[in-house]
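As a plain string of letters, each chain reads:
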Amino acid sequence: MTGHPRLVLLTVFTLHNLEEVLAWSGEPPVGVTRLGLTPDLFRRDRFALATAILTAGEAAILANSARQSVNSTPVFLGTTGAAALGVNAVGHLVRTASTRKYNPGVVTSPLLLSSAVAAIRAIASDTLTSRQTAVTVAAAGAVTVPAILCALKAASALRP
């Protein structure tokens, strides 16, 4: 088992984040006030720091998943982390299709999605059943938005 799919995914995620930060208008996504978020959380400097926090977290999770053993926690977390990036990519594609406007991150989303699928296959192969892999993908769907919100809150605390 090689770490290449993990490295490719992390590289693509970094490019995805770069696209988001460079194209970021500073305006919060529509409807975030329903989540109790204020527009100041979405300042470009805070948004850039939040993406760096998320990238560092993903790097740690993906690196740790290389220590595979059957049904191990690192494998579950690595698969969930990779799936979370796939969920993020799908979110960008859906948002763009529904608004018919450019959404920062959408250009790199197809590559992020395919890299996430390749990493999930590499991490989960020979260690997780199809059902266990499906559970990790579902868990990714549940943790993606809260992880982004936590990173934004942390960035806000670090960059008052």
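Everything numeric here is computed off the predicted structure, so don't read it as measured data.

**Overview of unusual backbone geometry**
Right, so step 1: The phi angle at R100 is positive, at roughly 60°, despite the residue not being glycine.
Right, so step 2: For R100, the location among the structural elements is in the loop between helix 3 (73-99) and helix 4 (109-124).

**Re the side chain of H16**
Right, so step 1: Mapped onto the fold, H16 is located in helix 1 (residues 4-23).
Right, so step 2: Looking at H16, the relative accessible area reads 0%, which means it is buried.
Right, so step 3: Only 3.1 Å separates the side chain of H16 from the side chain of N88, close enough to count as a polar contact.
Right, so step 4: Excluding residues that lie within four positions of it along the chain, H16 makes contacts with N88, H92, G105, T108, S109 and L112.

**Observations regarding the layout of surface pockets**
Right, so step 1: Estimated volume of the largest pocket: approximately 1200 Å³.
Right, so step 2: Forming the walls of the largest pocket are 47 residues, and the residues nearest its centre are P29, N88, H92, R95 and I148.
Right, so step 3: Only helix 1, helix 2 (44-64), helix 3 and helix 5 (130-158) provide two or more residues apiece to the lining of the largest pocket.
Right, so step 4: For the lining of the largest pocket, the element with the highest residue contribution is helix 3, accounting for 12 residues.

**A look at a nonpolar patch on the surface**
Right, so step 1: The grouping of L15, L18 and L22 at the surface amounts to a nonpolar patch, some 310 Å² of accessible area in total.
Right, so step 2: Looking at the secondary structure, you find L22 in helix 1.

**Quick word on helix 3**
Right, so step 1: With 27 residues, helix 3 extends 38 Å between its outermost C-alpha atoms, agreeing within 8% with the 39 Å of an ideal straight helix rising 1.5 Å per residue.
Right, so step 2: Positioned one or two residues after helix 3, R100 has a phi angle of 60°, which is positive.

**A look at the packing of aromatic side chains**
Right, so step 1: Considering all chains together, one arrives at 2 aromatic pairs under this definition.
Right, so step 2: Here W24 and F42 contribute two aromatic rings whose centre-to-centre distance is 6.2 Å and whose plane-to-plane angle is 25°, an arrangement assigned as stacked. A residue pair is termed long-range when its members are at least 10 positions apart, and W24 in the loop between helix 1 and helix 2 and F42 in the loop between helix 1 and helix 2 qualify at 18 residues. Residue W24 shares its accessibility class with F42, and that shared class is buried.
Right, so step 3: With 4.0 Å between their ring centres and 5° between their planes, W24 and F47 make a pair best called stacked. Within this pair, whereas W24 is found in the loop between helix 1 and helix 2, its partner F47 is found in helix 2, the two being separated by 23 residues in sequence. Neither residue differs from the other here; W24 and F47 are each classed as buried.
Right, so step 4: Through a chain of ring-to-ring contacts, the aromatic side chains of W24, F42 and F47 assemble into a single cluster.

Quick notes on the rules
- Residues numbered from 1 in each chain as written.
- Predicted model: local features only at pLDDT ≥ 70, side-chain atom pairs only at ≥ 80, totals over all residues.
- Heavy atoms only, no water.
- Helix = DSSP H or I, 4+ residues; strand = E, 2+ residues; numbered from the N terminus.
- Buried < 20%, exposed > 50% of the residue type's maximum accessible area, 1.4 Å probe, protein only.
- Polar contact = N/O pair within 3.5 Å; in protein donor to acceptor, adjacent residues only side chain to side chain.
- Contact = heavy atoms within 4.5 Å.
- 1 Å grid on protein atoms, 1.4 Å probe; cavity = no way out; pocket = protein on both sides within 12 Å on 5 of 7 lines; lining within 4 Å.
- Points joined across faces, edges and corners; volume = space filled by probe spheres on them.
- Patch = residues over 30% accessible without salt bridge, like charges linked within 9 Å, V, L, I, M, F, W, Y side chains within 5 Å.
- Areas by Shrake-Rupley, 256 points an atom, 1.4 Å probe, with all protein chains shown as cover.
- Salt bridge = Lys/Arg side-chain N within 4 Å of Asp/Glu carboxyl O.
- Expected span 1.5 Å × (residues − 1).
- Phe/Tyr/Trp six-rings, centres within 6.5 Å; stacked < 30°, edge-to-face > 60°.

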